[in-house]
Amino acid sequence: MSGGQRQRVALGRAIVRNPQVFLLDEPLSNLDAKLRAQMRTELNKLHKRLGTTFIYVTHDQVEAMTMGDRIVVMKDGFIQQVDTPQNLYDSPVNVFVAGFIGSPQMNFIDAKLVSKEGKLVVEYGDAEKPFTVELPDSKAKVPGIEEYVGKEVTLGVRPEDLHTEEIFLGAATTGLFECKVDVTEMMGAETHLYLDCAGTTLTARVSTRVTAQVGEQIKMAMDVNKIHLFDKETERAIF
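Now for a look at the structure at hand.

**Quick notes on the state of the cysteines**
Scanning all chains against the criterion turns up 1 disulfide. Each disulfide pairs two cysteine sulfurs, and for Cys179 the partner residue is Cys197, the sulfurs being separated by 1.7 Å. Negative torsions about the S-S bond denote left-handed disulfides, and the value of about 95 degrees found for Cys179 with Cys197 makes this one right-handed. Of the two residues, Cys179 sits in strand β10 (residues 176-186) while Cys197 sits in strand β11 (residues 191-197), which places them 18 residues apart along the sequence.

Listed below in structure tokens is the structure:
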């Protein structure tokens, strides 16, 4: 039997014993992409039918996000965060969790938090003419954020929160910038744009209606309500 067949047989042997807890260590690792997707669905159905605890070990974030009720993210043997899939995605506690969950991964930008005219602003890119992102009130009032004014921070933004459509560009009052398109990847239902923004590399996940070409300069709008900020030294989330 192939490795994939042996894995499925081992899973069947475990099921017929009616255990109180299943420990599954990368049970789908030797399957092809199509069979992996089918088996994820079958395992989800099986879990609901049996009502038994499944402890599922995987390096595949898709498996973790689609199958887990709660996910434990580990690094170097230490637990980084325990939470629901949605909370891990929306509120990562540090740079590692933020980069691990999501595909393409979150963009991380070296930046500086400054105060201008009573507003908190994140600056990055060219030192003489930086891109600026004014923090919305909900993020500017996070407890303890004043301690980071004047300091280097890491700005995080997910690829789907970078927009090229006119409806976003026209409505945005901050977080606007211009980039050169380095690479485009047509993914069928979406397009990935790999961008050079004054030396800062970003990835955007956009609609297939966006017709940007390699070498073209395009305008982008960052959804400032979806950005993340991390401590530069500890890599812990500020918000």
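**A few points about the pairing of strand β13 (residues 217-222)**
Put simply, side chains in a regular strand alternate between the two faces of the sheet. As defined by bridge partners, strand β9 (residues 162-163) adjoins β13 across 2 bridges and the pair is classed as antiparallel. When the sheet's bridge partners are listed, Leu162 is paired in β13 with Met222. Where β10 and β13 come together, 5 bridges link them in antiparallel fashion. Residue pairing for β13: Lys180 is matched across the bridge by Gln217.

**Describing helix α2 (residues 33-50)**
Between the first and last C-alpha of α2 there are 26 Å, a value that for 18 residues agrees with the 26 Å anticipated at 1.5 Å per step. Listed as buried for α2 are Leu35, Arg36, Met39, Arg40, Leu43, Asn44 and Leu46. N-cap assignment for α2: the residue whose side-chain oxygen lies 3.2 Å from the backbone N of Lys34 is Asp32. Once α2 ends, the next one or two residues include Gly51, with phi positive near 65 degrees.

**Notes on the pattern of salt bridges**
For the structure shown, the criterion picks out 8 salt bridges. One salt bridge in this structure joins Lys116 and Glu123, with 2.6 Å as the shortest N-O distance. Given a relative accessible area of 41%, Lys116 falls into the partly exposed group. When its relative accessible area of 18% is taken as the criterion, Glu123 is described as buried. The partner of Asp182 in a salt bridge is Lys180, and the shortest N-O contact between them spans 3.8 Å. Because the salt bridges share partners, they merge into one network encompassing Arg36, Asp60 and Glu63.

**Comments concerning the sheet that holds strand β6 (residues 119-124)**
One open sheet holds the 5 strands; their spatial order is β7-β6-β5-β8-β14, and the pairing between them is antiparallel. Each edge of the sheet is formed by a strand with only one pairing partner; in this case those strands are β7 (131-134) and β14 (228-231). For this sheet, the mean angle separating the axes of adjacent strands, direction not counted, is 40 degrees. Sheet topology note: the strand β5 (residues 107-116)/strand β8 (residues 152-157) ladder contains 6 bridges and is antiparallel. Paired with Lys112 across the two strands is Glu152, which belongs to β8.

**Things to note about the layout of surface pockets**
Roughly 710 Å³ of volume is contained in the largest pocket. Lining the largest pocket we find 23 residues, and of these Tyr56, Val57, Arg70, Ile71 and Val72 sit closest to its centre. Elements with a contribution of two residues or more to the lining of the largest pocket: α2, β2 (53-57), α3 (61-67), β3 (71-75) and α5 (95-100). Partitioning the lining of the largest pocket into residue classes produces 14 nonpolar, 6 polar and 3 charged.

**Some details on a nonpolar patch on the surface**
A cluster of nonpolar side chains, contributed by Val21, Leu23, Ile55 and Val57, occupies part of the molecular surface with about 360 Å² of accessible area. Elements that contribute at least two residues to the nonpolar patch include exactly β1 (21-25) and β2. By the element assignment, Val21 lies in strand β1.

**Observations concerning unusual backbone geometry**
A negative phi angle characterises most non-glycine residues, just as the trans form characterises most peptide bonds. Residue Pro104 is bonded to the preceding Ser103 through a cis peptide linkage, with omega at -10 degrees. Within the secondary structure, Pro104 sits in the loop between α5 and β5. Phi angles above zero are rare outside glycine, and Glu26 is one such case at about 45 degrees. A positive phi angle, near 55 degrees, is found at Ala198, a position not held by glycine. Relative to the elements of secondary structure, Ala198 occurs in the loop between β11 and β12 (200-206).

The rules behind each value
- Residues numbered from 1 in each chain as written.
- Predicted model: local features only at pLDDT ≥ 70, side-chain atom pairs only at ≥ 80, totals over all residues.
- Heavy atoms only, no water.
- Disulfide = S-S within 2.5 Å.
- Helix = DSSP H or I, 4+ residues; strand = E, 2+ residues; numbered from the N terminus.
- Pairing = 2+ DSSP bridges.
- Expected span 1.5 Å × (residues − 1).
- Buried < 20%, exposed > 50% of the residue type's maximum accessible area, 1.4 Å probe, protein only.
- Polar contact = N/O pair within 3.5 Å; in protein donor to acceptor, adjacent residues only side chain to side chain.
- Salt bridge = Lys/Arg side-chain N within 4 Å of Asp/Glu carboxyl O.
- Axes fitted to C-alpha atoms, helices over the stretch in contact; angles between N-to-C directions.
- 1 Å grid on protein atoms, 1.4 Å probe; cavity = no way out; pocket = protein on both sides within 12 Å on 5 of 7 lines; lining within 4 Å.
- Points joined across faces, edges and corners; volume = space filled by probe spheres on them.
- Nonpolar A, V, L, I, M, F, W, Y, C, P; charged D, E, K, R; others polar.
- Patch = residues over 30% accessible without salt bridge, like charges linked within 9 Å, V, L, I, M, F, W, Y side chains within 5 Å.
- Areas by Shrake-Rupley, 256 points an atom, 1.4 Å probe, with all protein chains shown as cover.

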